[in-house]
Amino acid sequence: MRIFPFRNLPERAFQKNTGRTITNFIQDIKIFYAARLLLNTNLELKDIASQLGYEDYSYFGKLFKRSFGISPSSFRDIAGKECYSNSYSINDVSRGCFGNTSSTDV
């Protein structure tokens, strides 16, 4: 049996530099994109989840709520109204998903 000690090196380097795993980073990007779709389209929630590769809508909902603190449907109702009434950009909304980062940091 051969052991390859450098096999996970890219993953470890990524986590060391970003503070999160590649899987978590990809999930964050998907959830951020879901937020954009919720704000800018009339697609059904299950269709958004499916487009992003989440066949289990409840799992998608849990990930979304973990990132934004509210369900996808509440996000569409509340954030959509606030963003448009207060002229917030998607970068302002994304802070719920990515902390206090700018779009160039993501």
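Residues numbered from 1 in each chain as written. Predicted model: local features only at pLDDT ≥ 70, side-chain atom pairs only at ≥ 80, totals over all residues. Heavy atoms only, no water.

Overview of the pattern of salt bridges
Link 1 in the chain: Counted under the stated rule, the structure contains three salt bridges.
Link 2 in the chain: Of the charged contacts, one joins Lys46 and Glu44 as a salt bridge, the two residues approaching to 3.7 Å between their closest N and O atoms.
Link 3 in the chain: With relative accessibility at 46%, the residue Glu44 sits in the partly exposed group.
Link 4 in the chain: Where Asp47 meets Lys46, a salt bridge forms, and the shortest distance between an N and an O atom there is 3.9 Å.
Link 5 in the chain: Residue classification places Asp47 among the partly exposed positions, given a relative accessible area of 32%.
Link 6 in the chain: Ionic contacts of the salt-bridge type, sharing partners, join the residues Glu44, Lys46 and Asp47 into one network. (Salt bridge = Lys/Arg side-chain N within 4 Å of Asp/Glu carboxyl O. Buried < 20%, exposed > 50% of the residue type's maximum accessible area, 1.4 Å probe, protein only.)

Remarks on the confidence of the model for the chain
Link 1 in the chain: Summary statistics for the chain give a mean pLDDT of 78 and a share of 68% for residues scoring 70 or more.
Link 2 in the chain: By mean pLDDT, helix α6 (residues 90-98) is the weakest element of the chain at 47, and helix α3 (residues 45-51) is the strongest at 95.
Link 3 in the chain: In this model residues 85-90 is a low-confidence stretch, pLDDT under 50, and it forms six contacts with partners more than four residues away in sequence or in other chains.
Link 4 in the chain: Every residue in residues 93-106 is under pLDDT 50, and counting partners more than four places away or in other chains gives 21 contacts. (pLDDT = per-residue confidence, 0-100. Helix = DSSP H or I, 4+ residues; strand = E, 2+ residues; numbered from the N terminus. Contact = heavy atoms within 4.5 Å.)

Section: the packing of aromatic side chains
Link 1 in the chain: Enumeration over the complete set of coordinates arrives at eight aromatic pairs.
Link 2 in the chain: A ring pair is formed by Tyr54 and Tyr59, whose centres lie 6.0 Å apart and whose planes are at 55°; its orientation type is tilted.
Link 3 in the chain: A centroid spacing of 4.9 Å and a plane angle of 55° characterise the contact between Phe68 and Phe75, whose relative ring orientation is tilted.
Link 4 in the chain: Judged by its relative accessible area of 16%, Phe68 is buried.
Link 5 in the chain: An aromatic cluster is present here, built from Tyr54, Tyr57, Tyr59, Phe60, Phe64, Phe68 and Phe75 joined pairwise through their rings.
Link 6 in the chain: Taking the ring centre of Tyr54 as reference, the NZ or CZ of Lys30 above it sits at 4.9 Å. (Phe/Tyr/Trp six-rings, centres within 6.5 Å; stacked < 30°, edge-to-face > 60°. Lys NZ or Arg CZ within 6 Å of the ring centre and 35° of its normal.)

Side note on the environment of Thr41
Link 1 in the chain: Among the structural elements, Thr41 can be located in the loop between α2 (22-40) and α3.
Link 2 in the chain: When the C-alpha atoms of Thr41 and Arg76 are compared, they prove to be 9.8 Å apart, with 35 residues separating the residues in sequence.
Link 3 in the chain: Leave out the neighbours within four places in its chain, and Thr41 touches Ile48 and Arg76.
Link 4 in the chain: Polar contacts involving the side chain of Thr41 include one to the main-chain carbonyl oxygen of Leu37, which spans 2.6 Å. (Polar contact = N/O pair within 3.5 Å; in protein donor to acceptor, adjacent residues only side chain to side chain.)

Some thoughts on the nonpolar core
It is characteristic of soluble globular proteins that their nonpolar side chains tend to be buried jointly.
Link 1 in the chain: Ile48, Phe60, Phe64 and Phe75 are the most contacted members of the largest nonpolar core, which has 17 residues in total.
Link 2 in the chain: Elements with a minimum of two residues in this core: α2, α3, α4 (57-68) and α5 (72-86).
Link 3 in the chain: Residue contributions to this core peak at six residues, all from α2.
Link 4 in the chain: Among all residues touching Ile48, those that are not within four sequence positions of it are Ala34, Leu37, Leu38, Thr41, Leu43, Phe60 and Arg76. (Core = buried A, V, L, I, M, F, W, Y, C linked by side-chain atoms within 4.5 Å.)

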